[in-house]
Amino acid sequence: GAVVSQHPSRVICKSGTSVKIECRSLDFQATTMFWYRQFPKQSLMLMATSNEGSKATYEQGVEKDKFLINHASLTLSTLTVTSAHPEDSSFYICSAATTGGYGYTFGSGTRLTVV
Amino acid sequence: DQQVKQNSPSLSVQEGRISILNCDYTNSMFDYFLWYKKYPAEGPTFLISISSIKDKNEDGRFTVFLNKSAKHLSLHIVPSQPGDSAVYFCAAKRLNTGTASKLTFGTGTRLQVTL
C-alpha cells in the first residue's frame with residue numbers, strides 16, 4: 001500500500017534556529033500534501049495544504065513566513081519551522097492524498113521540542 | 001469553531017464486548033467520513049470510511065453508521081480486543097471540490113480495552 005516516510009521522527013533544537021521536516025511518498029505520486037500539528041491530547045489541526053509546483057495554502061492563524069512549505073516534486077514535501085520558539089514544540093504530521101482524494105496516507109510524525 | 005466533535009474523551013470497554021465511539025458534525029457540506037486509529041507519537045492509521053449516500057459500512061470487526069439528519073456517526077468495534085486500545089479520531093471532508101480536499105478531524109476518543 002501507499003507509504004509516506006517522514007523524517008526526522010523527533011528533533012530537539014535551540015530557540016531561534018530552524019528545523020526542516022521531510023515527507024516522502026515512497027510508492028506513489030503525492031499531488032497534494034497536508035501538514036498537521038497536534039498538541040498533547042488535542043486534535044490534529046491542519047496547518048496548510050500544498051500542491052506540487054504551487055504555493056501552499058495556509059489555514060487561518062498559521063504564519064506562512066514561519067512555517068515554510070515546499071512541494072517541489074511529486075514525491076517530496078518539506079516543512080521548515082523558522083526561528084523556532086518553545087511554543088512551536090508540537091507533533092507535526094504530514095499526509096498525502098491518494099486514490100483520487102478519497103484516501104489519505106499519513107507519515108509517522110515528527111516530535112519537535114524547542115529548548 | 002470545532003466542526004467535528006467527539007464528546008467522549010475516553011471510553012473503557014471490556015475485552016470481547018462492543019465499543020461504540022461517537023462523532024457529531026455541524027457542517028452539512030461534509031459528505032465523506034473517515035475513522036482513524038492513532039497511537040502516541042505515530043501517524044493516524046485509516047480504519048473505515050463512509051459516504052453520505054450510505055448509512056452503514058462494515059469491514060470485519062468495524063462498522064460505521066451515519067445518521068445524516070442528526071449529523072452523527074458512530075464506529076462500532078465488536079468484539080473489542082486489547083490491541084484496539086488507542087485514540088480514535090473521526091474526520092470529515094467534502095468531496096468533489098476539484099482537488100484532494102482537506103480533512104477536518106474530531107477531538108479524539110481514547111479507547112481502553114481491558115481484560
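In this text, all values refer to a predicted model and were calculated from it rather than measured experimentally. Along every chain, residues carry numbers that run from 1 in the direction the sequence is written. As a convention, the first chain written is A and the first ligand written is 1, with the rest following in written order. Per-residue local features of the predicted model are confined to residues with pLDDT of at least 70, and side-chain atom pairs are confined, for both listing and counting, to 80 or more; whole-chain, interface and lining totals are unaffected and use all residues. Only hydrogens and water are set aside; all other atoms, that is, all heavy atoms of the structure, feed into the side-chain values.

**Some words on the environment of Tyr88 of chain B**
All names here are of chain B.
Part 1 of the reasoning: Summarising the element assignment, Tyr88 is placed in strand 9 (residues 86-93).
Part 2 of the reasoning: Judged by its relative accessible area of 0%, Tyr88 falls in the buried class.
Part 3 of the reasoning: Spatially, the C-alpha atoms of Tyr88 and Phe46 are 10.0 Å apart, while their sequence positions differ by 42 residues.
Part 4 of the reasoning: Beyond its immediate chain neighbours, meaning those up to four positions away, Tyr88 contacts Gln6, Leu21, Trp35, Tyr36, Lys37, Leu47, Leu75, Ile77, Gly108, Thr109 and Leu111.
Part 5 of the reasoning: A 3.5 Å cut-off defines polar contacts: any pair of N or O atoms within that distance qualifies, except that in protein one atom must be a possible hydrogen donor and the other a possible acceptor, and neighbouring residues in sequence count only when both atoms are side-chain atoms. One polar contact links the side chain of Tyr88 to the main-chain carbonyl oxygen of Asp84, over a distance of 2.5 Å. Note on conventions: DSSP H or I runs of at least 4 residues are helices, E runs of at least 2 residues are strands, and numbering of each starts at the N terminus. Each residue is placed in one exposure class: buried if its accessible area under a 1.4 Å probe, protein chains only, is under 20% of its type's maximum, exposed if it is over 50%, and partly exposed if it falls in between. By definition in these notes, contact holds between two residues if any of their heavy atoms fall within 4.5 Å.

**Brief notes about the sheet that holds strand 7 (residues 67-73) of chain A**
Within a sheet, each strand pairs with its neighbour through backbone hydrogen bonds, oriented either parallel or antiparallel.
Residue and element names in this part refer to chain A.
Part 1 of the reasoning: A pair of strands is labelled paired if DSSP reports no fewer than 2 bridges between them. Ordered in space as 1-3-8-7, the four strands form an open sheet in which the pairing is antiparallel. Of all the strands in the sheet, just strand 1 (4-7) and strand 7 have a single pairing partner and so form its edges. Between one strand and the next, the sheet's axes are offset by a mean angle of 15 degrees, whatever the strand orientation. Axis geometry follows a simple rule: fit a line to the C-alpha atoms, using only the stretch in contact for helices, then measure angles between N-to-C directions, giving values from 0 to 180 degrees.

**Observations concerning the environment of Gly108 of chain B**
All names here are of chain B.
Part 1 of the reasoning: Relative to the helices and strands, Gly108 is located in the loop between strand 10 (104-105) and strand 11 (109-114).
Part 2 of the reasoning: Gly108 sits 49 residues away from Asp59 along the chain, and the two C-alpha atoms are 21 Å apart.
Part 3 of the reasoning: Not counting residues up to four positions away in its chain, the partners in contact with Gly108 are Gln6, Ser8, Pro9, Val87, Tyr88 and Phe89.

**Description of the pattern of salt bridges**
Side chains that differ in sign of charge can pair as their charged atoms come close.
All names here are of chain A.
Part 1 of the reasoning: Here, a salt bridge means any side-chain nitrogen of Lys or Arg that lies within 4 Å of a carboxyl oxygen of Asp or Glu. Evaluation of the coordinates by the stated rule reveals four salt bridges over all chains.
Part 2 of the reasoning: Note that Arg24 and Glu22 form a salt bridge whose closest N and O atoms lie 3.6 Å from each other.
Part 3 of the reasoning: Note on Arg24: relative accessible area 37%, which makes it partly exposed.
Part 4 of the reasoning: Relative accessible area serves as the criterion here: at 27%, Glu22 is assigned to the partly exposed category.
Part 5 of the reasoning: The partner of Lys66 in a salt bridge is Asp88, with the nearest N and O atoms 2.8 Å apart. On the criterion of sequence distance, the pair formed by Lys66 in the loop between strand 6 (57-58) and strand 7 and Asp88 in the loop between strand 8 (76-81) and strand 9 (90-98) is long-range, its members being 22 residues apart. Residue Lys66 shares its accessibility class with Asp88, and that shared class is buried.

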